[in-house]
Amino acid sequence: MGPPLLLLTVTAFVLLLFLVRGEWSALRRIDQAVADGLNDAVAGDEVLVRVLRIVTDLGGSAGSAWLMSVGVAWLLLRRQVRAALYAAVTALGAWALISVVKVLVGRLRPVVDDPLAAPSGLSFPSGHALSSLVSYGVLLLVFLPAMTRTQRRLFTAGAATIVALVGFTRIALGVHYLSDVVAGWLLGAVWLTVTAVAFRHWPSDHLLGRPLPPAPGGGTAERSRVPDPLPVLGTARELRPVPEHHAPALGRPAVAAAELLVAWVLIVGSIYGLGLLVEGMGSGTDPPGWDRAVAHDLADARTPWLSDVAEGLRFLGGGTGIAAGVAVIGPLAVAVMRSWRPMALLTLALIGQVTVFLVTSVLVNRTRPDVAQLHPELPPTASFPSGHVTATFTLTACAAIIVFRATGSTPWRLTVVGMSALLTAAVAAERLYAGAHYLTDVLASLLLAGAWTAICWWVTRPPPDAGAGEHPARSPAHRR
């Protein structure tokens, strides 16, 4: 953003702030009409409301915090200290800016006929609009040197679409006025530009990171690839997720697909057979006596304190917890290993375990334990096997595999193995304590997850010439 456009943006924000603070009647009528119109249009459609809530979370505190924290960690792992500082300072400053301006203006939330969300705090400016523009804008600017012209256009269009949709959802859900959203975008654009300019002219290249290499025609190699107004905070080589000429994650995709398919069929058949065997061990349709006794003993041992602990552990193996784990482990593993192999492992392992779990639960169709459920709103799937335990073991085992491939450090390896065992045991204990599964359901889940993760490890293993461990490739500057 050039100086004239920056001045225009600042002027527009200040003018809008004074109009809102002065409660200008024309603006108030427009804001209320837009809020009422959008709220009436979406309020009766439950599917649309659910979609709006999902999209709005892309700009929420949790989404922005994940985006920036993982992005900063990624940059630090790549030793791009200057870019990491830029991202961290810009994000933290944006959150502080939101809080200060909201208090100064003191505008209340809209009042609509059918509120579709229950936000807290003040209304002007929209925190979702500002934080989404800053968060996606920061990462876009940081990674521009590693992109081709086509990629820059695609990612810019994608980021702009997300920011626009987040702003739209805030009005449609009835939690912000149109002027709140526009103000959030304007203030976010100003802050993003100011911080970019400040860090672009930061004088301490030698303190915060290596100086950029000279380009043949003068200047730097990276500066020649990016339009002049944009900041250049890191090297294209280090910012690129994997090298331009890298080994594929699956050396022989057709062979890997065949191996996965054969393993999938064998595992489904084995778990199905185990389920029939377990069912036949009891009298009629009842589970074995010892299996039922474990469920009843744990239900009788419930206390308020243990139930609070179980409520916290419930998140770990659920869909949100597993997705959060993948969203952190995957990008950081790519940053360290400079390969798509960790993402291939996670993707194949988690998708495969879900399909095996769903098919076997339908085939066996075992009823839940006949005890009072700690969480009555259980999913519609059957009891055998446990989806929470299967997903947790698969994710933590994949994390252990990634660490073993990325490092030869014994302490790191022992730590990740211990964490994998601890988290899986905790989730398994919670499912038994909550009355959601029998012990045999949990044991079958461990067999399922262990077998499927092992085959995924096999098909994504590094080629023989990679040596005993797959270590991150380092640039010449790193090897000094």
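Residues numbered from 1 in each chain as written. Predicted model: local features only at pLDDT ≥ 70, side-chain atom pairs only at ≥ 80, totals over all residues. Heavy atoms only, no water.

Q: How do you make sense of the environment of Gly158 when you look at a structure like this?
A: Relative to the helices and strands, Gly158 is located in helix α7 (residues 149-172). For Gly158, a relative accessible area of 30% gives the class partly exposed. (Helix = DSSP H or I, 4+ residues; strand = E, 2+ residues; numbered from the N terminus. Buried < 20%, exposed > 50% of the residue type's maximum accessible area, 1.4 Å probe, protein only.)

Q: Quick question: what am I supposed to make of the packing of aromatic side chains here?
A: What describes a pair of aromatic rings is the distance from one ring centre to the other and the angle between the planes of the rings. Taken as a whole and assessed by the stated rule, the structure comprises three aromatic pairs. An angle of 75° between the planes, with centres 5.3 Å apart, marks the rings of Trp74 and Phe143 as edge-to-face. In this pair, Trp74 sits in helix α4 (residues 61-77) while Phe143 sits in helix α6 (residues 127-143), placing the two residues 69 residues apart along the sequence. Taken individually, Trp74 and Phe143 each receive the classification buried, so the pair is uniform in this respect. If you follow Arg302 out to its NZ or CZ, it ends over the ring of Tyr433, 5.9 Å from the centre. Note that Arg461 overlies the ring of Trp458, its terminal NZ or CZ placed 3.7 Å from the centroid. (Phe/Tyr/Trp six-rings, centres within 6.5 Å; stacked < 30°, edge-to-face > 60°. Lys NZ or Arg CZ within 6 Å of the ring centre and 35° of its normal.)

Q: Explain the nonpolar core here, please?
A: Soluble globular proteins tend to pack their nonpolar side chains together in the buried interior. Within the largest apolar cluster, 43 residues are counted, with the highest numbers of intra-cluster contacts made by Phe13, Leu75, Tyr86, Phe124, Val138, Val142 and Phe143. Contributing elements (two or more residues each) for this core: α1 (3-21), α4, α5 (81-105), α6, α7 and α8 (178-200). Looking at this core element by element, the count peaks at ten residues for α6. Beyond its immediate stretch of four places on either side in the chain, Val138 contacts Met68, Tyr86, Ala87, Thr90 and Leu192. (Core = buried A, V, L, I, M, F, W, Y, C linked by side-chain atoms within 4.5 Å. Contact = heavy atoms within 4.5 Å.)

Q: Teacher, can you tell me more about the state of the cysteines here?
A: Put plainly, two cysteines are in a disulfide when a covalent bond ties their sulfur atoms together. Across all of its chains, the model carries zero disulfides by this definition. Just so you know, Cys398 is unpaired, no disulfide at all, and the nearest cysteine sulfur is the one on Cys456, 6.6 Å from it. (Disulfide = S-S within 2.5 Å.)

Q: I tried to follow the packing of helix α14 (residues 319-337) against helix α16 (residues 387-406) on my own but got confused; where do I start?
A: When two helices pack together, their arrangement is captured by the angle between the axes and the distance separating the axes. At a minimum axis distance of 11 Å, the contact between α14 and α16 shows a crossing angle of 10°. By the angle class used here, α14 and α16 are roughly parallel. Contacts between α14 and α16 involve Ile322, Gly325, Val326, Ile329, Ala333, Val336 and Met337 from the former and Ala391, Thr392, Leu395, Ala399, Ile402, Arg405 and Ala406 from the latter. For the contact of α14 with α16, the per-class residue count stands at eleven nonpolar, two polar and one charged. (Axes fitted to C-alpha atoms, helices over the stretch in contact; angles between N-to-C directions. Parallel < 35°, antiparallel > 145°, perpendicular 65-115°, else oblique. Nonpolar A, V, L, I, M, F, W, Y, C, P; charged D, E, K, R; others polar.)

Q: What's the story with the environment of Thr394 in this structure? I'm lost.
A: On the secondary structure map, Thr394 appears in helix α16. Not counting the four nearest positions on each side in its chain, Thr394 is found in contact with Ala349, Leu350, Gln353, Ala449 and Thr453.

Q: Got a minute to help me understand the side chain of Ser131 in this structure?
A: Tracing the chain through its elements places Ser131 in helix α6. Among the polar contacts made by the side chain of Ser131, one reaches the main-chain carbonyl oxygen of Gly59 at a distance of 2.9 Å. Apart from residues no more than four positions distant in its own chain, Ser131 is found in contact with Gly59, Ser64, Trp95 and Ile98. (Polar contact = N/O pair within 3.5 Å; in protein donor to acceptor, adjacent residues only side chain to side chain.)

Q: Looking at this model, I keep getting lost on the packing of helix α13 (residues 304-317) against helix α17 (residues 410-433). Mind explaining?
A: Running from N to C, α13 and α17 point in directions that differ by 120°, and their axes come no closer than 9 Å. Relative to α17, the element α13 is oriented oblique. Regarding α13 and α17, the two cross each other, and that crossing is left-handed. For the pair formed by α13 and α17, the contact residues are Leu306, Ser307, Ala310, Leu313, Arg314, Leu316 and Gly317 on the first element and Leu423, Ala426, Val427, Glu430, Arg431 and Tyr433 on the second. A class-by-class count of the residues in the contact of α13 with α17 yields eight nonpolar, two polar and three charged. (Left-handed = near helix turned anticlockwise from the far one by under 90°.)

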